[in-house]
Amino acid sequence: METIRIDMTEEKVDHQKLEAPIEILKKGGLVAFPTETVYGLGGDALRADASKKIYAAKGRPSDNPLIVHIADFSQLEEIASEVPESARKLNEAFWPGPLTMIVKKNDKVPYETTGGLDTVAVRMPSHPVARALLQDSRVMIAAPSANTSGRPSPTMADHVWEDLHDKIDCIIDGGTVDIGLESTIVDLSEDVPTILRPGYINQEMIREVLGECIMDPGLSEENKKVRPKAPGMRYKHYAPKGELYIVEGDMDKVIDKINELAKEASESGEIVGIVATEETKDRYKYGRVLTIGSREDEDSIAHNLYGILREFDELGDTKMYTEAFSTPRIGQAIMNRLLKAAGHKVIEV
Ligand code: AMP
Ligand code: MG
């Protein structure tokens, strides 16, 4: 199938240009669109056939449920069998925004959308293009990240094109996304609100609103035997083709170690890539140095992470070394993605 591409700026949403993608959604087709986190691959969440197409286009295992995107809170009420008080509070505090809530579903939501689960993940995105698409169509849109399963999530339309052109009906190009990491997922379907996937909205922020919020024990690095509760967190993810190592510790020692490893690897014929920051980039002597952002601005690191992981593949790097980014606010989310990309290969210095 030929994929149509529609250009739209975040500043000025052209409602007329959205008519074609809305038509496609209403007919059960697939439309990729920008959100504030990453690009989503959307289909009508209440149609089993549309959800099946999403899994097929991404090559995604069908037990890995989709997030349903909504225009306003009444749509959550429409698909939940119970609306917990905590959902109302989080709606007030963070929606529209980069937070996904898991609640018990009702019969309107097909099991094809929830991967067979009796709960449904729901998010109200804040990106103007996503909001306009949801509001103008009134379609609740199931949308996982718009990448081929296993590749880094797309942060610009070209990434989506790379992975999915000819497999989906339409891509709306809204430029580079803002946050660059997928939404925080909080499970409200059981007694204690639990974060299943860390993101831009962190545990502290949710605690401030709800009083309590725990991390899914399955996310812990120490406790690898506990299965993560979100099916998607169990799969291998985001891995670049070469081997990526995280070097962690005192910054001077990290730089020395990366220089040592990069020298050795280069001499034995590897194509070496290094992930550095503005603060450290001039101190690396071997390999190709990619600057991810500044430690003074942790949002910049989140923003550029997936682009850099894709760049490694484009450049054909075979051995990559990165500093660790346990920054104060979203460091947990950044490291969660980076550890997966590195297959948990960490060198402590
Ligand atoms: P993606 O849309 O690619 O960001 O992935 C969605 C994530 O949400 C995956 O990790 C899913 O496993 C998770 N998810 C979606 N629905 C549920 C649910 N009902 N229960 C637990 N996790 C969910
Ligand atoms: Mg994804």
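These numbers were taken from a predicted model, which means no experiment stands behind them.

A short note on the overall build of the protein
Looking only at helices and strands, the protein features 11 helices and 16 strands. Here the C-alpha radius of gyration of the protein, 20 Å, is about what a compact globule of 349 residues would show, namely 20 Å. Seen through its principal axes, the protein has C-alpha atoms that stretch 60 × 50 × 35 Å. Considering the protein as a whole, with its 349 residues, one finds that 57% of them fall into the buried category. For the protein, the share of sequence-separated contacts (at least 6 apart) that also reach a separation of at least 24 residues comes to 67%. Counting only carbon and sulfur atoms, one obtains 48% of the accessible surface of the protein, whose full area is about 14,500 Å². In the protein, 43 positive and 60 negative side-chain charges are present, and the distance between their average locations comes to 4 Å.

Notes on the nonpolar core
Counting 51 residues, the largest nonpolar core has Leu41, Leu90, Trp95, Leu99, Ile168 and Ile206 as its most contacted members. Core analysis: the second largest hydrophobic core is formed by 27 residues, Val38, Leu181, Ala333 and Ala341 among them.

Re the pairing of strand 13 (residues 272-276)
For strand 13, the buried fraction is high: five of the five residues fall into the buried class. Neither face of strand 13 is exposed, since Val272, Ile274 and Ala276 on one face and Gly273 and Val275 on the opposite face are all buried. As paired elements, strand 13 and strand 14 (residues 288-291) share four bridges and run parallel to each other. Residue pairing across strands places glycine 273 opposite arginine 288, the latter belonging to strand 14.

Focus on the packing of aromatic side chains
Taken as a whole and judged by the stated rule, the model has two aromatic pairs. Ring geometry for phenylalanine 73 and tryptophan 95: centres 6.3 Å apart, planes at 55°, overall tilted. Remark: tryptophan 95 occurs in the loop between helix 4 (85-94) and strand 5 (99-104) and phenylalanine 73 occurs in helix 3 (residues 73-79); sequence separation between them is 22 residues. Of the two residues examined, phenylalanine 73 and tryptophan 95, each falls in the buried class. Geometrically, the ring pair formed by tyrosine 245 and tyrosine 321 is stacked, given 5.8 Å between the ring centres and 20° between the ring planes. In this pair, tyrosine 245 is assigned in strand 12 (residues 243-248) and tyrosine 321 in strand 15 (residues 319-323), connecting sequence segments 76 residues apart. Of the residues examined, tyrosine 321 reaches a relative accessible area of 4% and is grouped as buried. Above the face of the tyrosine 111 ring, lysine 105 is positioned so that its terminal group lies 4.1 Å from the ring centre.

Some points on the sheet that holds strand 16 (residues 346-348)
Each strand in a sheet pairs with its neighbour through backbone hydrogen bonds, running either in the same direction (parallel) or in the opposite one (antiparallel). The five strands lie next to each other as 14-13-15-12-16, forming an open sheet whose pairing is parallel. Strand pairing shows two members of the sheet lacking a second neighbour, strand 14 and strand 16, which therefore form its edges. This sheet shows a mean twist of 25° between the axes of neighbouring strands, independent of strand direction. Along the sheet face, helix 11 (residues 331-341) touches strand 12, strand 15 and strand 16 and points at about 135° away from the line of strand 12.

Section: helix 11
For helix 11, the buried fraction is high: 10 of the 11 residues fall into the buried class. Residues Gly331, Ala333, Ile334, Met335, Asn336, Arg337, Leu338, Leu339, Lys340 and Ala341 constitute the buried set of helix 11. Buried residues along helix 11 sit against strand 10 (194-197), strand 12, helix 10 (298-315), strand 15 and strand 16. One or two residues past the end of helix 11 sits glycine 343, with phi positive at roughly 55°.

Digging into the environment of glycine 269
Position of glycine 269 among the secondary structure elements: in the loop between helix 9 (251-267) and strand 13. Sequence spacing of glycine 269 and threonine 318 is 49 residues, and the spatial spacing of their C-alpha atoms is 9.4 Å.

Thoughts on the site of ligand 1
Close to ligand 1 lie 18 residues; Asn64, Thr119, Pro144, Arg197 and Gly232 are nearest. One of the side-chain N or O atoms of asparagine 64 is found 2.9 Å from an oxygen atom in ligand 1. Of all the elements in the fold, those that place two or more residues in the shell around ligand 1 are strand 6 (119-123) and strand 10. Residues that form the shell around ligand 1 fall into these classes: 12 nonpolar, four polar and two charged.

So, unusual backbone geometry
A cis amide bond, omega -5°, links tryptophan 95 with the succeeding residue proline 96. Looking at the secondary structure, you find proline 96 in the loop between helix 4 and strand 5. In this structure, arginine 138 takes a positive phi of about 60° despite not being glycine. Mapped onto the elements of the fold, arginine 138 is located in the loop between helix 6 (128-137) and strand 7 (141-142). Under the relative-accessibility criterion, arginine 138 is labelled partly exposed at 42%. Phi angles above zero are rare outside glycine, and aspartate 166 is one such case at about 75°. Along the chain, the position of aspartate 166 falls in the loop between helix 7 (157-164) and strand 8 (170-173).

Cut-offs and rules
Residues numbered from 1 in each chain as written. Chains lettered and ligands numbered in written order. Predicted model: local features only at pLDDT ≥ 70, side-chain atom pairs only at ≥ 80, totals over all residues. Heavy atoms only, no water. Helix = DSSP H or I, 4+ residues; strand = E, 2+ residues; numbered from the N terminus. Rg over C-alpha atoms; globule rule 2.2 N^0.38 Å. Buried < 20%, exposed > 50% of the residue type's maximum accessible area, 1.4 Å probe, protein only. Contact = heavy atoms within 4.5 Å. Areas by Shrake-Rupley, 256 points an atom, 1.4 Å probe, with all protein chains shown as cover. Lys, Arg positive; Asp, Glu negative; His and termini not counted. Charge placed at Lys NZ, Arg CZ, Asp CG, Glu CD. Core = buried A, V, L, I, M, F, W, Y, C linked by side-chain atoms within 4.5 Å. Pairing = 2+ DSSP bridges. Phe/Tyr/Trp six-rings, centres within 6.5 Å; stacked < 30°, edge-to-face > 60°. Lys NZ or Arg CZ within 6 Å of the ring centre and 35° of its normal. Axes fitted to C-alpha atoms, helices over the stretch in contact; angles between N-to-C directions. Near = heavy atom within 4 Å. Polar contact = N/O pair within 3.5 Å; in protein donor to acceptor, adjacent residues only side chain to side chain. Nonpolar A, V, L, I, M, F, W, Y, C, P; charged D, E, K, R; others polar.

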